[in-house]
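# Chain and residue survey
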Amino acid sequence: MTNNRMLKFLTSSITLIFCLLFVAHFAGRNILRQYISYGVGDCKSVPILCMQPDEKALNPEPDKEYIDTLVPQSFPKMSIMAPKGFNLVQELIKRKYYKKRHPDNNAVIYLLYQKPGAFLKLYPDVRKQGINDNYEFIRRLMYANLNKVNDITDAFFVIMKSIFTPDIGQQNICRMISFKMVDKRGFVNYTMVKPNNYFDCNVLDAEGNFFKVYIRDIGGRLDLNKVFTILSTLKPAE
């Protein structure tokens, strides 16, 4: 999928951003926060909008024995080694897609790839905030908090957070964590409540390539160690 299609998908949100510009110019931050709540939800209806990753980053190491059980999968823009029993789809982030295209009893891994610097095109003003690559963009997005919105840039990232977060089950018990591996770093939002697990993984490599891996683990076969091992196999297409 191209960046143009992602931009088209975000059209409604960009329209909301322009409305927010008007509100931000003529009103205070409290009214700005209320306006966002009316548009995308509040802390009660969308709890993750008021959450952020744990302070301490994890330093996971791939499980070499588990890697031997994974199956190599190649796509036009990326490759990954995935566990058996999962359907793999390379698709744009679109929450309704998950519900309409696949029954709830299917274990699915959705994949998205973006080139280095791709996210900066969504909102060029972020460079003024010291955000110059995909990692800093995603980091700012993950730490976005509705209760801390003070200006239009804060509002932009809260809205993007609502769009970038797929179905992760019961958001009120979601965990948000950051991690660093040898050649990758990023953030994982997840819930692990029987019988199913949900993992929303946002991964960046040393070159700035971005990978989003959304795992709907029906039956709860995976744990965090297995997920990190799967993420360690991500590569852009050569």
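### Topic: the packing of aromatic side chains
Scanning the model with the defined rule gives 12 aromatic pairs in all. On the basis of an interplanar angle of 85° and a centroid distance of 6.4 Å, the ring pair of Tyr 143 and Phe 187 is categorised as edge-to-face. Here the residue Tyr 143 occupies a position in the loop between helix 6 (134-142) and helix 7 (152-164), and Phe 187 occupies one in strand 6 (residues 184-193), the gap between them amounting to 44 residues. Through a chain of ring-to-ring contacts, the aromatic side chains of Phe 119, Phe 137, Phe 156, Phe 157, Phe 164 and Phe 210 assemble into a single cluster. Lying over the aromatic face of Tyr 143, Arg 139 brings its terminal NZ or CZ to 4.9 Å of the ring centre.

### Regarding the nonpolar core
Counting residues in hydrophobic clusters, the biggest one holds 42 residues, and the most contacted among them are Phe 137, Ile 138 and Phe 157. Sorting the residues of this core by element identifies helix 3 (29-40), strand 4 (108-114), helix 6, helix 7, strand 7 (196-205) and strand 8 (210-217) as the ones contributing at least two each. For this core, the leading source of residues is helix 7, giving nine residues. With sequence-adjacent residues up to four places away left out, Ile 138 is seen in contact with Phe 119, Phe 164, Phe 187, Asn 202, Leu 204 and Phe 210. Core analysis: the next-biggest nonpolar cluster, separate from the first, contains 29 residues, Phe 86, Met 181, Tyr 190 and Ile 215 among them.

### A short note on the pairing of strand 7
The side chains of a regular strand alternate, first on one face of the sheet and then on the other. Within strand 7, 10 of the 10 residues are buried, leaving the element largely enclosed by the surrounding structure. Burial of the side chains of strand 7 extends over both faces: Asn 196, Tyr 198, Asp 200, Asn 202 and Leu 204 are buried on one face and Asn 197, Phe 199, Cys 201, Val 203 and Asp 205 on the other. Taken together, the 10 bridges between strand 6 and strand 7 define a ladder with antiparallel strand orientation. Note on strand 7: the bridge partner recorded for Val 188 is Cys 201. As consecutive antiparallel partners, strand 6 and strand 7 are separated by two residues.

### Considering the sheet that holds strand 3 (residues 87-90)
With respect to topology, six strands assemble into an open sheet ordered 3-4-8-7-6-5, the strand pairing being mixed. Only two strands of the sheet have a single neighbouring strand rather than two, namely strand 3 and strand 5 (175-180). Neighbour to neighbour, the strand axes of the sheet diverge by 15° on average, direction disregarded. The sheet contact formed by strand 3 and strand 4 spans four bridges and is parallel. Within the sheet, the bridge partner assigned to Leu 88 lies in strand 4 and is Ile 109. Contacts from helix 8 (residues 224-231) reach strand 5, strand 6, strand 7 and strand 8 within the one sheet, and its direction differs from that of strand 7 by about 35°.

What counts and how
- Residues numbered from 1 in each chain as written.
- Predicted model: local features only at pLDDT ≥ 70, side-chain atom pairs only at ≥ 80, totals over all residues.
- Heavy atoms only, no water.
- Phe/Tyr/Trp six-rings, centres within 6.5 Å; stacked < 30°, edge-to-face > 60°.
- Helix = DSSP H or I, 4+ residues; strand = E, 2+ residues; numbered from the N terminus.
- Lys NZ or Arg CZ within 6 Å of the ring centre and 35° of its normal.
- Core = buried A, V, L, I, M, F, W, Y, C linked by side-chain atoms within 4.5 Å.
- Buried < 20%, exposed > 50% of the residue type's maximum accessible area, 1.4 Å probe, protein only.
- Contact = heavy atoms within 4.5 Å.
- Pairing = 2+ DSSP bridges.
- Axes fitted to C-alpha atoms, helices over the stretch in contact; angles between N-to-C directions.

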